[in-house]
Amino acid sequence: KHIAKALQACSIAIRSALNTYNTIARTLSPPCLTLKWEEVVDYTFLANFNLLCKMCVDISKHPWSSPAAHSTMDLHFKICQVHEEIERLNIKVQ
């Protein structure tokens with residue numbers, strides 16, 4: 001949610017960068033894939049957007065890049081943090 005709000009605030013600059021990227025991507029030999037605004041918004045869940053730089057490979061096809069996988073990883077790490085917090089609280093109680 002925070003990323004989406006930041007994207008909205010900077011959307012003009014991001015759209016400009018996207019247009020520049022798409023223009024350059026089409027001129028390369030072989031041409032790289034171009035991106036649509038909707039795809040960029042979908043990619044915001046990727047922790048490191050730099051993965052998309054200098055790549056002609058569509059990483060959105062990998063299973064780990066799906067929104068469902070992102071949600072699953074988020075939930076997993078939250079559960080891990082809860083277990084760590086429980087251990088710390090148990091030590092404090094003793």
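Given the structure is predicted, the values throughout are model-derived calculations rather than measurements.

Each value, and the rule that gives it
Residues numbered from 1 in each chain as written. Predicted model: local features only at pLDDT ≥ 70, side-chain atom pairs only at ≥ 80, totals over all residues. Heavy atoms only, no water. Helix = DSSP H or I, 4+ residues; strand = E, 2+ residues; numbered from the N terminus. Buried < 20%, exposed > 50% of the residue type's maximum accessible area, 1.4 Å probe, protein only. Contact = heavy atoms within 4.5 Å. Areas by Shrake-Rupley, 256 points an atom, 1.4 Å probe, with all protein chains shown as cover. Phe/Tyr/Trp six-rings, centres within 6.5 Å; stacked < 30°, edge-to-face > 60°. Lys NZ or Arg CZ within 6 Å of the ring centre and 35° of its normal. Expected span 1.5 Å × (residues − 1). Arc of directions from axis to C-beta. Salt bridge = Lys/Arg side-chain N within 4 Å of Asp/Glu carboxyl O. pLDDT = per-residue confidence, 0-100.

Structural notes on the overall build of the chain
Link 1 in the chain: A count of helical and extended segments in the chain gives four helices and zero strands.
Link 2 in the chain: Listing every helix and strand of the chain by position from the N terminus yields α-α-α-α.
Link 3 in the chain: Here the chain holds 94 residues, and 18% of them are scored as buried.
Link 4 in the chain: Sequence-distant contacts, at least 24 apart, represent 19% of the contacts inside the chain between residues at least 6 apart.
Link 5 in the chain: Surface summary for the chain: the accessible area is close to 7,800 Å², and the carbon and sulfur share equals 63%.

So, the packing of aromatic side chains
Link 1 in the chain: Summed over all chains, the structure comprises zero aromatic pairs.
Link 2 in the chain: The ring centre of W37 lies 4.0 Å from the NZ or CZ of R15, which sits over that ring.

A word on helix α2 (residues 11–27)
Link 1 in the chain: Helix length check: α2 (17 residues) gives 24 Å between terminal C-alpha atoms against 24 Å at 1.5 Å per residue, within 8%.
Link 2 in the chain: Regarding α2, the residues found buried are S11, L18, N22 and A25. One face of α2 carries all of its buried residues, which in axial projection span an arc of 65°. With respect to the buried face of α2, the exposed residues turned more than 90 degrees away are I12, A13 and T27.

As for the pattern of salt bridges
Link 1 in the chain: One pass over the full model with this rule turns up one salt bridge.
Link 2 in the chain: E85 is paired through a salt bridge with R88; the nearest N and O atoms lie 3.6 Å apart. With a gap of three residues between them, E85 and R88 both fall in helix α4 (residues 67–93), about one helical turn apart.

Quick look at the side chain of N22
Link 1 in the chain: Secondary-structure assignment places N22 in helix α2.
Link 2 in the chain: What makes N22 buried here is its relative accessible area of 7%.
Link 3 in the chain: Discounting chain neighbours no more than four positions away, the residues touching N22 are T34 and L35.

Overview of the confidence of the model for the chain
Regions with low pLDDT carry predicted coordinates that are not meant to be interpreted in detail.
Link 1 in the chain: Per-residue pLDDT for the chain averages 79, and the proportion of residues at 70 or more is 79%.
Link 2 in the chain: Here helix α1 (residues 2–9) stands out as the least confident element of the chain, with mean pLDDT 70; α4 is the most confident, with 88.

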